[in-house]
Amino acid sequence: VLDEFDLFVHHKNQTLLYNLFDISQSAQTPVTVIGLTCRQDILELLEKRVKSRFSHRQIYLMNSFDFKQYIKIFKEQLSLPSEFPDETFAQKWNNNVQHLSEDKTVQDVLQNLFHHTKDLRSLHLLLMLAVSAVTVHHPLLTAADLQEASKQHRTDSKANIVHGLSVLEICLIIAMKHLNEVYDGEPFNFQMVYNEFQKFIQRKAHSMYHFEKPVVMKAFEHLLQLELVQPLERPSVRAQREYLLMKLLLDSSQIMDALQVYPNCPTDVKQWAASSLSWL
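First, a word on scope: everything that follows refers to the structure included in this document. Quantities reported herein were computed from a predicted structural model and do not represent experimental measurements.

### Focus: the overall build of the chain
Looking only at helices and strands, one finds 15 helices and 2 strands in the chain. Expressed as lengths along the three principal axes of its C-alpha atoms, the size of the chain is roughly 65 × 65 × 30 Å. Scored against the burial criterion, the 280 residues of the chain give a buried share of 35%. Put simply, of all contacts in the chain between residues at least 6 apart along the chain, 66% involve residues at least 24 apart. Here the chain displays about 17,100 Å² of accessible surface, and carbon together with sulfur accounts for 53% of that area. When the 28 positive and 32 negative side-chain charges of the chain are each reduced to one mean point, those points stand 6 Å apart.

### Some remarks on the packing of aromatic side chains
For the coordinates displayed, the defined rule picks out 11 aromatic pairs. The structure contains a cluster of three or more aromatic residues connected by ring pairs, namely F65, F67, Y70 and F114. The residue whose ring lies beneath R49 is Y18, and the NZ or CZ to ring-centre distance is 4.2 Å. One residue, K118, lies across the ring of F65, its end atom 6.0 Å from the ring centre.

### Comments concerning the pattern of salt bridges
Evaluation of the coordinates by the stated rule reveals 6 salt bridges. Measuring nitrogen to oxygen at the nearest pair gives 2.9 Å for the salt bridge that ties K104 to D108. Pair noted here: K104 and D108 are both in helix α7 (residues 104-116), with a separation of 4 residues, about one helical turn. The class for K104 is exposed, based on a relative accessible area of 56%. Judged by relative accessible area, which is 35%, D108 ranks as partly exposed. A salt bridge links K199 to E196; the shortest N-O distance between them is 3.7 Å. Here the residue K199 and the residue E196 both occupy positions in helix α12 (residues 190-203), the gap between them amounting to 3 residues, near one helical turn. Taking relative accessible area as the criterion, K199 reaches 30% and is therefore assigned partly exposed.

Reading the values: the criteria
- Residues numbered from 1 in each chain as written.
- Predicted model: local features only at pLDDT ≥ 70, side-chain atom pairs only at ≥ 80, totals over all residues.
- Heavy atoms only, no water.
- Helix = DSSP H or I, 4+ residues; strand = E, 2+ residues; numbered from the N terminus.
- Buried < 20%, exposed > 50% of the residue type's maximum accessible area, 1.4 Å probe, protein only.
- Contact = heavy atoms within 4.5 Å.
- Areas by Shrake-Rupley, 256 points an atom, 1.4 Å probe, with all protein chains shown as cover.
- Lys, Arg positive; Asp, Glu negative; His and termini not counted.
- Charge placed at Lys NZ, Arg CZ, Asp CG, Glu CD.
- Phe/Tyr/Trp six-rings, centres within 6.5 Å; stacked < 30°, edge-to-face > 60°.
- Lys NZ or Arg CZ within 6 Å of the ring centre and 35° of its normal.
- Salt bridge = Lys/Arg side-chain N within 4 Å of Asp/Glu carboxyl O.

Everything listed is a geometric property; what it means functionally is a separate question.
Shown next as structure tokens:
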């Protein structure tokens, strides 16, 4: 079993994968290779000779829990076990965790993360950042600790990537942000994003160029490569690329934070980002 399978594709010539798949195909050695990964585009990263030896059997496992269960997981991850040596402290700590789970501020922080990704590794990272604020003089977690941890968590590599995007790419991200708000987080396709962008160009942006559709498509594909946007289905030969369903991997607050420090961002673009449900 190879955990974080995507890391193995970066090994030189993918020799290990090639040898493992090669051995598993020969009847002499009874071996099964199972790779675990969060990346849906993993097959695109395999070399031809490796891909040809792969069975192409894929099992998709999606987290199906709701927000109530997510809160329960939050409490389980933070609570101290009954065998903890200092019983008095453990009881105080666990009571505080229960109190935090009912706190409106904490629930807002968790809800933001839950809507962005249900991946429990992100929850673990958030909790690790929060718990690192605990000291002898500050023995119990507070809602403010979780808020601060959330801020640190959000200034991740994806938000930093935004700083290096072109204004056109920024506009496409804002168009997707508005689509998320209008359709309550439902997936969208390139055509919808393009239409939203066109509305902005026609109504607001006197300073912007009128980009040809293929240029906009190329900018959108760059966002895909940077993994700021993720397809919900594997592109087939027949499917038209502009109608593939996608989702944005940045939440609204990440986008707004990144725009505040984006160099020379046109004012009308900032105003468009800040406007809510602007084209309803």
